[in-house]
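Here is how the chains run, residue by residue.
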Amino acid sequence: MNPIVEFCISNIANGSQETFETLEKDPNLDVLEYGCLSYCTKCAESLYAIVNGEIVEADTPEELTKRIYQFIEDNPLF
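Residues numbered from 1 in each chain as written. Predicted model: local features only at pLDDT ≥ 70, side-chain atom pairs only at ≥ 80, totals over all residues. Heavy atoms only, no water.

An unreviewed UniProt entry lists the protein under the name UPF0349 protein FILTAD_02524, with Filibacter tadaridae given as the organism. Listed under Sequence similarities (unreviewed entry) in UniProt, the entry text for the protein is "Belongs to the UPF0349 family." (UniProt positions renumbered as here; feature names shortened; annotations may be inferred.)

Asker: Could you give an account of the sheet that holds strand S3 (residues 47-51), with specific residues and numbers?
Answerer: Strand order in the open sheet formed by 4 strands is S2-S1-S3-S4, and the pairing between neighbours is mixed. Every interior strand has two partners, whereas the edge strands, strand S2 (30-34) and strand S4 (54-58), have only one. The mean inter-strand angle of the sheet, taken between neighbouring strand axes irrespective of direction, is 30°. Relative to S3, strand S1 (residues 4-8) runs antiparallel, the two being bridged by 2 bridges. Paired with Glu6 across the bridge in S3 is Ile50. Taken strand by strand, helix H1 (residues 9-24) contacts S1, S2 and S3, and its axis lies near 150° from that of S1. (Pairing = 2+ DSSP bridges. Helix = DSSP H or I, 4+ residues; strand = E, 2+ residues; numbered from the N terminus. Axes fitted to C-alpha atoms, helices over the stretch in contact; angles between N-to-C directions. Contact = heavy atoms within 4.5 Å.)

Asker: Can you lay out the packing of H1 against helix H3 (residues 61-74) for me, pointing to particular residues and giving the numbers?
Answerer: How two helices sit against one another is set out by the angle between their axes and by the gap between those axes. Relative orientation of the contacting elements H1 and H3 amounts to 45°, with a least axis distance of 8 Å. Considered as vectors, H1 and H3 are oriented oblique to each other. In the packing of H1 onto H3, the handedness of the crossing is right-handed. Within the contact between the two elements, H1 uses Gly15, Ser16, Glu18, Thr19, Thr22 and Leu23 and H3 uses Pro61, Glu62, Leu64, Thr65, Ile68 and Tyr69. Of the residues contributing to the contact of H1 with H3, the split by class is 5 nonpolar, 5 polar and 2 charged. (Parallel < 35°, antiparallel > 145°, perpendicular 65-115°, else oblique. Left-handed = near helix turned anticlockwise from the far one by under 90°. Nonpolar A, V, L, I, M, F, W, Y, C, P; charged D, E, K, R; others polar.)

Asker: Outline the nonpolar core, listing residues and values.
Answerer: One finds Val5, Phe7, Leu23, Val31, Leu64 and Ile68 to be the most contacted residues of the largest nonpolar core, which totals 15 residues. Mapped by element, the contributors of at least two residues to this core are S1, H1, S3, S4 and H3. If sequence neighbours within four positions are ignored, Leu64 has contacts with Phe7, Ser16, Thr19, Leu47, Tyr48, Ala49, Val56, Glu57 and Ala58. In this structure, Cys8, Leu37, Cys43 and Ile50 belong to the second largest nonpolar core, which totals 5 residues. (Core = buried A, V, L, I, M, F, W, Y, C linked by side-chain atoms within 4.5 Å. Buried < 20%, exposed > 50% of the residue type's maximum accessible area, 1.4 Å probe, protein only.)

Asker: Give me the lowdown on the pairing of S1, citing residues and values where you can.
Answerer: Among the 5 residues of S1, 4 are classified as buried, and the element is accordingly described as predominantly covered. Alignment of S1 against S2, held across 5 bridges, turns out to be parallel. Each residue of the ladder has a partner; that of Phe7, found in S2, is Glu33. In this region the chain leaves S1, passes through H1 and returns to the parallel neighbour S2; the handedness of that crossover is right-handed. (Right-handed = clockwise from strand over helix to strand, strands pointing away.)

So this is what it looks like as structure tokens:
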């Protein structure tokens, strides 16, 4: 089972598209895009994704990518 990374379409439009595209190319991740994840305050304030049910935030796409991979490494599924 691959880690699941979920993105809000509004957050992708607000700057996390680079992270989305990078992670989408990783065959070891299941990357999903939703119309809304109901974290509107976070969406307006920073870049974020939900990784295996937990919010991961950052200020830049590069930092978000690093934090997502670090989160997955620190929190293995099994």
